[in-house]
Structures are given as C-alpha cells and as structure tokens.
Amino acid sequence: MKPILEEINSHQGKASFYVYRFQIPFFEFKWHYHPEFELTYIIKGNGYRLIGNSHENFGNGDLVLLGAYLPHTWVGKSSDKDDFDVVVIQFSTSFIHSFLGFEESIGLRTMLEQSKKGLFFPAENFDLKADLVNLVYTKGFNRLIALMSILNQLTQCNHKVLCSNSFQTVNSAESENRINKVCNFLENHFAEPITLHQVASVIYLTESNFCNFFKKATGKTFSDYLNSIRISRSCQLLLQSDKPINQIAIECGFETLSYFNRVFLKKKGLTPQKFRKLNLI
C-alpha cells in the first residue's frame, strides 16, 4: 500500500518537538509515514496496528516507538461509548541528534537505531506511562527534560522488534501505488472469498509476478497477510461480542471452522475458545 507522507512541521509550530493527546471514536485506516520518530501510547482502545510488515493486535497500554520513514497505521473502533484515548510524541532526527554525541547516550543511540523496524514496549512500567500523559501538559524547558527522561526510561525497558528482517520500504512511486491498491482491497474485502488471481488482477500482474512482488514489499505471502487481517478481526469479535465461534469464523472470511481453528492456533498459540476464555477473565 502507498504510505502517505504526513507533514508534521506545520503542526509543531516553534516547539522543538510535537506532543499531543486526542480522543476519537475510531482509528481510520491511514497508512502513512514521516521523517520524524514517533512514540505512540494507547491509553484506551483496541484493534490492530500495521507497522512495516508487522500486523498485530493492540489494546489498552500499547506503547510503540517508530523510526523515521517507517510506514504505519492503527485501525480499530470503540466497543463502548468511550472514545479511544491516545498520546503521540514526534521528534525530528535533527532534534535528537544533538543529544546523541555523549558517552552516556549509547543506550539511546542503540534504541533509536532499532526503532527503524518498530519497537513494542510491554505494559509493565506504569510510572513511565504516567510521565507520557503528563508530558502533554508540561511547558517550557521542563518539557524538554521530561521527554529525555521518558526516552532514557525506555532504554531500560524490555522491548520487542516488530518488523521482520525481510522488511524493506518500497521506494518507487509505482510500487507504492500498487501496494496501496492491494492492501486497501484486502482491508475492504477480507471477509469475502479472495483468490490469488482476483487480487493479482487489482494491479494487473500475473499470479507469479504478484506473489514475488507482494512478498518483497511486505515480507509476507499473500495468504499469510490475508490470514493475519482475518485473525486480527476475529480476536476483536471474540472479545467484544458473544457470537458463536463458527459464526465469527465465517464473518472473518474462513470457509470452515476447522481451518479457522488451525490458523488461529498457529498465529496466536492457542485455540479461539481458550483465547476468549483467558481474555474475559
């Protein structure tokens, strides 16, 4: 899919970095990138996020650091009357570079280098997350000190790299346009039967050429990518509804319950029944 270049400087004004908090009823699919680093903290909300070739569910407390130019989007709808609640921090390479020349900054340099593939921080440091919220309302030089304190705390937290080594940003405009068309098609039609021929025809490629192109652009095969979308949606329905599992399987595009169970077990490490039971306790 074609990631859209997001212009942040126009929002930042004269501040050295950009931090804001917002509440919205849903996350619209918006595949985009920008030259700034981004730290996103989901105070409240759930759905799935696409970062490079990573496709995972997110929930309350989700905390992710993104490197410059890394395509990403969060997708989800509120399951109750409360809106999503999110804090976002964005800072430029030129801004952070002035802090990286010191010997004490080796941990920060390492973390920012790893963030090129996206970093997920488990929900374990509540003091850090309180600091993220407080940063929104901090003014003056204290704001700068608070940001550096947050980044320093992150260097000491456990984290997981999100994108696989096979991920490579697609640079040509033609390739970006093709990926954009394909992935938006899959997002809109994942609940329907989709053949390889059908999706390849979206961008006028043969099935063989499409498979090679899609794997290079996303790091995943077409079938694995489609199943990731379907499983993410099924997880939402398992947690947010009391629909029977066989009905959820059909609504998410799986033709048989047995295949749904097999794919779910492979991707989540447990059956849909156990997933629902464990997460509703």
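Before reading further, recall that the structure is shown in the block above.
What you see is a predicted model; the values in this text were computed from it and never measured. (Residues numbered from 1 in each chain as written. Predicted model: local features only at pLDDT ≥ 70, side-chain atom pairs only at ≥ 80, totals over all residues. Heavy atoms only, no water.)

**Focus: the nonpolar core**
Within the largest apolar cluster, 30 residues are counted, with the highest numbers of intra-cluster contacts made by F17, I89, F91, I96, L151 and L154. Beyond its immediate chain neighbours, meaning those up to four positions away, I89 contacts F17, Y18, V19, F37, E38, L39, L132, L135 and L147. Counting residues in hydrophobic clusters, the runner-up holds 23 residues, among them I179, V182, C183 and F190. (Core = buried A, V, L, I, M, F, W, Y, C linked by side-chain atoms within 4.5 Å. Buried < 20%, exposed > 50% of the residue type's maximum accessible area, 1.4 Å probe, protein only. Contact = heavy atoms within 4.5 Å.)

**Let's talk about helix α11 (residues 257-268)**
Given a rise of 1.5 Å per residue, 12 residues ought to cover 16 Å, and the 16 Å separating the end C-alpha atoms of α11 matches this to within 8%. Among the residues making up α11, those that are buried are F260, V263 and F264. For α11, the arc enclosing every buried residue in end-on projection is 100 degrees, short of the 170-degree limit, so these residues lie on one face. Among the exposed residues of α11, those oriented more than 90 degrees off its buried face are R262 and K266. (Helix = DSSP H or I, 4+ residues; strand = E, 2+ residues; numbered from the N terminus. Expected span 1.5 Å × (residues − 1). Arc of directions from axis to C-beta.)

**Describing the packing of helix α9 (residues 222-240) against α11**
α11 packs onto α9 with a crossing angle of 95 degrees between their chain directions and a minimal axis gap of 10 Å. Taken together, the axis directions place α9 and α11 in an arrangement best described as roughly perpendicular. The residues of α11 that touch α9, namely those facing D224, N227, S228, I231, S234, C235 and L238, are Y259, F260, V263, F264, K267 and K268. Here the residues of the contact of α9 with α11 sort into 7 nonpolar, 3 polar and 3 charged. (Axes fitted to C-alpha atoms, helices over the stretch in contact; angles between N-to-C directions. Parallel < 35°, antiparallel > 145°, perpendicular 65-115°, else oblique. Nonpolar A, V, L, I, M, F, W, Y, C, P; charged D, E, K, R; others polar.)

**Structural notes on the environment of D242**
Examined against the element boundaries, D242 turns out to sit in the loop between α9 and α10 (245-251). For the pair D242 and R276, spaced 34 residues apart in sequence, the C-alpha separation works out to 9.6 Å.

**What to know about the pattern of salt bridges**
Counting across every chain of the model gives 7 salt bridges. E56 is the salt-bridge partner of K160, the closest N and O atoms lying 2.8 Å from each other. Note that K160 is positioned in strand β12 (residues 160-161) and E56 in strand β7 (residues 54-58), a separation of 104 residues in sequence. Assessed through its relative accessible area of 23%, E56 is described here as partly exposed. Between K267 and D224 there is a salt bridge; the shortest N-O distance is 2.5 Å. (Salt bridge = Lys/Arg side-chain N within 4 Å of Asp/Glu carboxyl O.)

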